Amino acid sequence: MIVFTDAASINGEELLKGMAHILGNTVIAGGLASTKNFLDTFVIFEDKIIQNGAVAVALNSDTLRVRHDCALGWQAIGR
């Protein structure tokens, strides 16, 4: 599961504890969306900007294949 939350209204540690309690051994990845001072935080869902909340996606399939890769030379996109 991939989860992103705003940093102002969500306690990330408590969220992960609660999700782990419910989801058991599900691998959870993601992060907090924030500026350096934790002001004006937000997450984006479809065409909406959410000021307070979380977004998540679960990857669940019998045919799901996972591989790792290393990408260097990252470039900024968007704002």
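What counts and what doesn't
Throughout, residues of each chain are indexed from 1 in the direction in which the sequence is written. The model is predicted, so local features are restricted to residues of pLDDT at least 70 and side-chain atom pairs to those at 80 or more, both for listing and for counting; the totals for chains, interfaces and linings are taken over all residues. For the side-chain quantities, the full set of heavy atoms in the structure was used; hydrogens and water were omitted. Helix numbering and strand numbering both begin at the N terminus, where a helix is a DSSP run of H or I of at least 4 residues and a strand a DSSP run of E of at least 2. Only C-alpha atoms enter the radius of gyration; for comparison, a globular chain is expected to reach 2.2 Å times N to the power 0.38, where N is the number of residues. The classification of residues rests on relative accessible area computed with a 1.4 Å probe and restricted to protein chains. Under 20% of the type maximum is buried, over 50% is exposed, and intermediate values are partly exposed. Here, Shrake-Rupley sampling with a 1.4 Å probe gives the accessible areas, and only protein chains in the shown set may cover a residue. In summary, the charge assignment counts Lys and Arg as positive and Asp and Glu as negative, without counting His or the chain termini. The location of each charge is read from NZ of Lys, CZ of Arg, CG of Asp or CD of Glu. The rule for a salt bridge is simple: a side-chain nitrogen of Lys or Arg has to be within 4 Å of a carboxyl oxygen of Asp or Glu. One bridge is not enough; two strands pair if DSSP finds at least two bridges between them. Here an axis means a line fitted to C-alpha atoms, over the contact stretch when the element is a helix, while the angle between two N-to-C directions is reported on a 0 to 180 degree scale. The quantity called pLDDT is the predictor's confidence in a given residue, expressed from 0 to 100.

Let's talk about the overall build of the protein
For the protein, the count of helices and strands is one helix and five strands. Seen in sequence order, the protein has helices and strands lined up from the N terminus as β-α-β-β-β-β. For 79 residues, the compact-globule estimate of 2.2 N^0.38 gives 12 Å, and the C-alpha radius of gyration of the protein, at 15 Å, exceeds that figure by more than 25%. A principal-axis box enclosing the C-alpha atoms of the protein has dimensions of 40 × 35 × 25 Å. Across the 79 residues of the protein, 11% fall into the buried class. Counting only carbon and sulfur atoms, one obtains 58% of the accessible surface of the protein, whose full area is about 7100 Å². On the protein, the mean spot of the 6 positive side-chain charges and the mean spot of the 8 negative ones are 6 Å from each other.

Some points on the pattern of salt bridges
Tallying each qualifying case throughout the model produces three salt bridges. One salt bridge connects K17 with E13, and the closest N-O pair in it is separated by 3.7 Å. You can see K17 and its partner E13 sitting in helix α1 (residues 12–23), four residues apart, about one turn around the helix. For E13, a relative accessible area of 54% corresponds to the exposed category. With a closest N to O distance of 3.7 Å, E14 and K17 form a salt bridge. Separated by three residues within a single helix, E14 and K17 lie in helix α1, roughly one turn from each other.

Thoughts on unusual backbone geometry
Phi at E46 takes a positive value of approximately 50°, unusual for a residue other than glycine. Since its relative accessible area comes to 64%, E46 is described here as exposed.

Focus on the sheet that holds strand β2 (residues 29–33)
Read across the open sheet, the three strands follow the order β2-β1-β5; overall the sheet is mixed. Sheet topology places β2 and β5 (54–57) at the edges, where each strand pairs with a single neighbour. Put simply, the sheet's adjacent strands are angled 10° from each other on average, direction ignored. In this structure, strand β1 (residues 2–6) lies alongside β2, joined through five bridges in parallel fashion. Bridge pairing in β2 links F4 to G31.

Remarks on the confidence of the model for the protein
Any residue range with low pLDDT should be treated as having predicted coordinates unsuitable for detailed reading. Across the protein, the average pLDDT comes to 84, with 100% of residues at 70 or higher. Element-level pLDDT for the protein is lowest in β2, with a mean of 81, against a maximum mean of 90 in α1.

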